[in-house]
Amino acid sequence: MSDILLYGGIYEWTVERFIKDLNASGKDVTVRVNSDGGSPSDAMGLIAVLQDKQKKGKVKLCADGKANSMASFLFCYVDDTECLETTTFGIHRAGYSSYIEDDPQRLTQAMKDERDRINAFLRPAFEAKIDANQLYAIKGITVDELFSTETRKLVILNAQEAKQIGLVKKVIPITPEKKMQIEASLKAFEEAQKEKTTLYMESLKQAKEAMQQAEKNNATELELYKKFKIFNVILNI
């Protein structure tokens, strides 16, 4: 079973890379999560791919350190879930930053509709996964309160609490062997990020030099636009 890392924010560019890695993996895969969450709309595509992968093979979802915001909801869509004994989960309804939601001028009706649509998708999966009575007994909050758009409640769960409400099936003690495995995964992730950064910076340098040369040659706006589109493809690494 191969490991795929979902570390860092969940946004368009990170989801795109994750989906490529997932599609290139074998039938059975372990997805290791360490994320503060990110864009709810971008995470929808990630959820769809995870569900599809689960239909074709075995998918295990493991929280290595933290699974906050949208990252926590991923655990509602995978059957085989676990976390390390030091993991924390931060759960709240999908929404925009407080400076947007607290400002009627910024929060448009279209934004409200999109927020409500995503929460209408998340809530049934959350209710099907967790024990609402246990959630209330541990944290004193109902599912209605958690998904209310009148407020924005945040629930913090430790590993044992996450298991108690049913969000994960298993809590893994951090043995020396497990520590070595995590460190190896982190090292591989860091090396991959360094390689991508190097490629990005080199491509950016080439793009900048080519644009400067095009401007010296008095390129037309159409030619510059075409070059810009090509550079976008180069930079999409």
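Worth saying up front: this structure is predicted, and the values here are computed from it rather than measured. (Residues numbered from 1 in each chain as written. Predicted model: local features only at pLDDT ≥ 70, side-chain atom pairs only at ≥ 80, totals over all residues. Heavy atoms only, no water.)

**Points about the overall build of the protein**
- Scanning the protein from terminus to terminus reveals 10 helices and seven strands.
- Counting the 237 residues in the protein, one finds 38% classified as buried.
- Counted over contacts in the protein with a minimum sequence separation of 6, partners at least 24 positions apart contribute 68%. (Helix = DSSP H or I, 4+ residues; strand = E, 2+ residues; numbered from the N terminus. Buried < 20%, exposed > 50% of the residue type's maximum accessible area, 1.4 Å probe, protein only. Contact = heavy atoms within 4.5 Å.)

**With respect to helix α2 (residues 40-56)**
- When the terminal C-alpha atoms of α2 are compared, their 25 Å separation across 17 residues agrees well with the 24 Å that a helix rising 1.5 Å per residue should span.
- Looking at α2, one finds that the buried residues are P40, A43, M44, L46, I47, V49, L50, K53 and Q54. (Expected span 1.5 Å × (residues − 1).)

**Looking at the nonpolar core**
- L50, L74, F75, F89, L122, F126 and L167 are the most contacted members of the largest nonpolar core, which has 50 residues in total.
- Here this core takes six residues from α2, the largest share from any one element.
- When near neighbours in sequence (up to four residues on either side) are disregarded, L122 contacts M44, I47, M70, F73, Y77, A94 and F147. (Core = buried A, V, L, I, M, F, W, Y, C linked by side-chain atoms within 4.5 Å.)

**Structural notes on the confidence of the model for the protein**
- On average, the protein scores 84 in pLDDT, and the residues at 70 or more come to 76%.
- In this model, residues 229-237 is a region of pLDDT below 50 whose contacts with residues beyond four sequence positions or in other chains number 12 contacts. (pLDDT = per-residue confidence, 0-100.)

**Digging into the packing of aromatic side chains**
- As enumerated under the stated definition, the model contains six aromatic pairs in all.
- These aromatic residues form a ring-pair network of at least three members: F73, F126 and F147. (Phe/Tyr/Trp six-rings, centres within 6.5 Å; stacked < 30°, edge-to-face > 60°.)

**A word on the packing of helix α1 (residues 12-24) against α2**
- Between α1 and α2, the least distance of the axes is 9 Å, while the angle of their chain directions is 10°. One way to sum up the angle between α1 and α2 is to call them roughly parallel. When α1 is examined against α2, the residues E12, V15, F18, I19, L22 and N23 are found in contact with a partner set consisting of D42, G45, L46, V49, L50 and K53.
- For the contact of α1 with α2, a count of residues per class yields seven nonpolar, two polar and three charged. (Axes fitted to C-alpha atoms, helices over the stretch in contact; angles between N-to-C directions. Parallel < 35°, antiparallel > 145°, perpendicular 65-115°, else oblique. Nonpolar A, V, L, I, M, F, W, Y, C, P; charged D, E, K, R; others polar.)

**A word on helix α5 (residues 109-129)**
- In this model α5 runs 30 Å from its N-terminal to its C-terminal C-alpha over 21 residues, within 8% of the 30 Å that 1.5 Å per residue would give.
- Restricting attention to buried positions, one finds in α5 the residues R115, I118, N119, L122, A125, F126 and K129.

**What about the pattern of salt bridges?**
- If you walk through the whole model with that rule in mind, you get 15 salt bridges.
- K66 is paired through a salt bridge with D36; the nearest N and O atoms lie 3.0 Å apart. With K66 in strand β3 (residues 59-68) and D36 in the loop between β2 (29-35) and α2, the pair connects residues that are 30 residues apart, well separated along the chain.
- By relative accessible area, K66 is classed as partly exposed at 30%.
- Taking relative accessible area as the criterion, D36 reaches 46% and is therefore assigned partly exposed.
- Across the pair E114 and R117 runs a salt bridge whose closest N-O atoms are separated by 2.9 Å. Separated by three residues within a single helix, E114 and R117 lie in helix α5, roughly one turn from each other. (Salt bridge = Lys/Arg side-chain N within 4 Å of Asp/Glu carboxyl O.)

**Some words on the environment of E101**
- As for its placement among the helices and strands, E101 is situated in helix α4 (residues 98-101).
- Classification of E101 as buried rests on a relative accessible area of 17%.
- Separated by 10 residues in the primary sequence, E101 and M111 place their C-alpha atoms 9.5 Å from one another.
- Not counting residues up to four positions away in its chain, the partners in contact with E101 are R93, G95, Y96, L107 and R115.

**Focus on the side chain of N119**
- Relative to the helices and strands, N119 is located in helix α5.
- The exposure class of N119 is buried, given its relative accessible area of 7%.
- Reaching out from N119, the side chain makes a polar contact with the backbone nitrogen of A94 at a distance of 2.8 Å.
- Each residue touching N119, except ones within four places of it in the same chain, is listed here: R93, A94, P124 and F147. (Polar contact = N/O pair within 3.5 Å; in protein donor to acceptor, adjacent residues only side chain to side chain.)

**As for the state of the cysteines**
- Counted according to the given criterion, the structure contains zero disulfides.
- A disulfide-free cysteine, C62 has its sulfur positioned 7.2 Å from the sulfur of C83, the nearest such atom. (Disulfide = S-S within 2.5 Å.)

**Topic: the packing of α2 against α5**
- Running from N to C, α2 and α5 point in directions that differ by 35°, and their axes come no closer than 11 Å. Note that α2 runs across α5; the crossing there is left-handed. On α5, the residues that touch P40, S41, M44 and I47 of α2 are E114, I118, F121 and L122.
- Counted by class, the contact of α2 with α5 contains six nonpolar, one polar and one charged residues. (Left-handed = near helix turned anticlockwise from the far one by under 90°.)

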